[in-house]
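# Understanding the architecture of this molecule
Each chain is listed here by its residues.
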Number of protein chains: 2
Amino acid sequence: METKPIVLTGDRPTGCLHLGHYVGSLQNRLILQDQYQQYVMLADVQALTDNYEHPEKVRENCWQVALDYLAVGIDPEKSTIFIQSMIPQIAELTIFYLNLVTVNRLKRNPTVKTEIQQKGFGESIPAGFFMYPVSQAADITVVKGTLVPVGEDQLPMIEQTNEIVRTFNRIYQTDILKECQALVPKAARLPGTDGKAKMGKSLGNAIYLSDPQEVLLKKVMQMYTDPKHLRVVDPGQVEGNMVFAYLDIFSPDPVRVAELKEHYQRGGLGDVKIKQYLFEVLDAQLSPIRDRRAQLSKDLTHVQKIVLNGTAQVEAVAAQTMLEVRKVMHLDYKLK
Amino acid sequence: METKPIVLTGDRPTGCLHLGHYVGSLQNRLILQDQYQQYVMLADVQALTDNYEHPEKVRENCWQVALDYLAVGIDPEKSTIFIQSMIPQIAELTIFYLNLVTVNRLKRNPTVKTEIQQKGFGESIPAGFFMYPVSQAADITVVKGTLVPVGEDQLPMIEQTNEIVRTFNRIYQTDILKECQALVPKAARLPGTDGKAKMGKSLGNAIYLSDPQEVLLKKVMQMYTDPKHLRVVDPGQVEGNMVFAYLDIFSPDPVRVAELKEHYQRGGLGDVKIKQYLFEVLDAQLSPIRDRRAQLSKDLTHVQKIVLNGTAQVEAVAAQTMLEVRKVMHLDYKLK
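In this convention, every chain numbers its residues from 1, walking through the sequence in written order. In the order they appear in the text, chains get letters beginning with A and ligands get numbers beginning with 1. A pLDDT threshold of at least 70 governs which residues receive local features in this predicted model, and a stricter bar of 80 or more applies before side-chain atom pairs are shown or counted, although totals over entire chains, interfaces and linings include all residues.

## A few points about the relation of the copies chain A and chain B
Here is the rule: Least squares is the method used to superpose the copies, on C-alpha atoms of residues holding a pLDDT of at least 70 in both. With C-beta atoms placed from the backbone, a contact is any residue pair whose C-beta atoms sit within 7 Å.
With an RMSD of 0.1 Å, chain A superimposes on chain B once it is rotated by 180 degrees and translated 0.0 Å along the axis. Within this description, the copies of the chain are treated as partners about a two-fold rotation axis. Across chain A, the rotation axis passes nearest the C-alpha of A91 of chain A, at a separation of 2.7 Å. A share of 100% of the interface residues of chain A reappears at the interface of chain B, consistent with the copies meeting face to face through the same patch.

## Considerations on the pairing of strand β2 (residues 37-42) of chain B
Residues and elements named next belong to chain B. Stated formally: Any residue surrounded by 20 or more other C-beta atoms within 10 Å of its C-beta is treated as buried, while 12 or fewer makes it exposed and the intermediate range makes it partly exposed; C-beta atoms here are placed from the backbone. In this text, helices come from DSSP runs of H or I with a minimum length of four residues, and strands from runs of E with a minimum of two, each type numbered from the N-terminal end. Strand pairing is assigned whenever DSSP detects at least two bridges linking the two strands.
A large share of β2 lies buried, amounting to six of its six residues. Side chains of β2 alternate between two faces, with Q37, Y39 and M41 and Q38, V40 and L42 buried alike. Across six bridges, the pairing between strand β1 (residues 6-11) and β2 is parallel. Each residue of the ladder has a partner; that of I6, found in β2, is Q37.

## Here's the deal with helix α9 (residues 155-171) of chain B
Residue and element names in this part refer to chain B. Heads up, the condition is: The span one expects for a helix is its residue count, reduced by one, times 1.5 Å. To be clear, the arc concerns the directions from the helix axis to the C-beta atoms.
When the terminal C-alpha atoms of α9 are compared, their 24 Å separation across 17 residues agrees well with the 24 Å that a helix rising 1.5 Å per residue should span. Turning to α9, its buried residues are M157, I158, Q160, T161, I164, V165 and F168. The buried residues of α9 occupy an angular sector of 160 degrees when projected down its axis, which confines them to one face. Packing partners of the buried residues in α9 comprise α4 (88-98), α6 (110-118), α8 (132-142), β4 (147-149) and β5 (181-183).

## Structural notes on the interface of chain A and chain B
Applicable threshold: Residues are grouped as follows: nonpolar covers Ala, Val, Leu, Ile, Met, Phe, Trp, Tyr, Cys and Pro; charged covers Asp, Glu, Lys and Arg; every other residue, Gly included, is treated as polar.
Across the contact, 47 residues belong to chain A and 47 residues belong to chain B. Elements represented by at least two residues in the side of chain A that touches chain B include exactly α2 (44-48), α3 (55-72), α4 (88-98), α5 (103-108), α7 (127-130) and α14 (300-328) of chain A. Top element by residues in the side of chain A that touches chain B is α4 of chain A. It accounts for six residues. Partitioned by chemical class, the residues of the side of chain A that touches chain B number 28 nonpolar, 11 polar and eight charged.

Right under this line is the structure:
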């Protein structure tokens, strides 16, 4: 009998979630939660590896991200939302797994290499950041996750997890840890409103799920289009034009988008017109989310209860995993 | 009002304790336990960093070392013996502290450098071993230890702990973590029976507290003396002669030792004679320990109860420390 996959996914609570998350992961989770057991982790410990000087930001964002989850339709009856730092077993597993990975192996991890460069750590990489692939292996295995939605760039992390799983099972002659599979979403990465390849909290080019309608309008009106398209009558470029890039993803009416593209390229279609249409498209999708979020925000205690309740459920699962791990590691001290 | 120091000390349970431990740390603990609150840690997690393939050995030695403790007079009414792996807060603190230390700082740690060389890890240092100074900072601070008996070679570890304490207190604007002081014992390091600078489990040159009388006799009779002292009538060397080195440390009668040295140097005193005397001296000290150990071994459950009881006490202290740490780190999630 094949066992149902267990999904582990989550976010670093360093800011509210944006359209990039919506397209890249949230929509996918709505599908997954109907099919599988899904754990959604508020990765505060991981967020602290490069935000350790601003823990209050991480904490506040835990609740904000939880609000985003519930607003988009992550259903606590189907998905278990939990806070990473409240599962001590993740820390315990991380410590045990650190013995099974060499420093050189960590250095070779392409994802870590790239991120160290991006974050400009230079020679001063915090040790916590350096070893976060090991911590991720603990996140996944503590709930016995077998299906992990990740971006292409995170594939080396999954490889690292499976290496640890295999080493652990071999050394401790067991099969309690399960290898996991990466689930790479087909969706293209959403570019930023400024045309940069990635929408990012720190890049100032994001449209947040929580943005009020007027902010959404303003952001859409400021989007990067074709800088050479100065007069309405001029022909405009569709490639690299963010309005069309977003319409391709979000518009429910591809025929109309094709017509608009054709008109824009021919000349005679102004940016304001296409932006107005994109605003309508986005607002149609975001306004119910925004409304639910506003509703939920009125009773934050309810949201916190959902998260703390999910956390308690995961703690029970994690405690069971640790029992099994301690047993095979001969660390289940008790009276003889 | 000055607060009383809190002592943290302990051993890696990788084998039974020997005379080197007795002279170097155990005797000191007997004094400390009368003056201060003393925590004695069975450092199984640390032992696993270079024994992760033999956890059953580590586990068995936990009880053996506990037997050694009780046999020499570590008094559970005065000292709290506990098992490191049963305090999850140590793992949690380690993960938080890893953010406060750079990889380069760890690389520069002289103790780790030396040990990496000694253990022949080469390029394949397990990450767990590499970051064990951070784990030690967690060991010490989780019980708010302020006095840590260590060898001279371990001073960089104390420095690392205090660096972490200062960084933590600065970043999280608190004073909950306390800096600790190293307590370097005056006692000279006990050489091995083979004349090597250090008595060590892995060197095969150790006299164990648990050695039966006949094994003690045999080990003393095989001790390294003066290889040029072939006939009884010949003058013998006292320097580098392990029998005299041990007599200097263990004999309660320095006048007699001085006389024996003089006689040995003059010639006419055979190795067997001085070894016989050393055996008597050592046996006088070890036989009560051996007897108590044999007595305690008959009821291992009693010993285990003592250790598990101590562990429960430490867990309560650790939980309190974590509460405080979570508070200043804004990780004390609860309903608003």
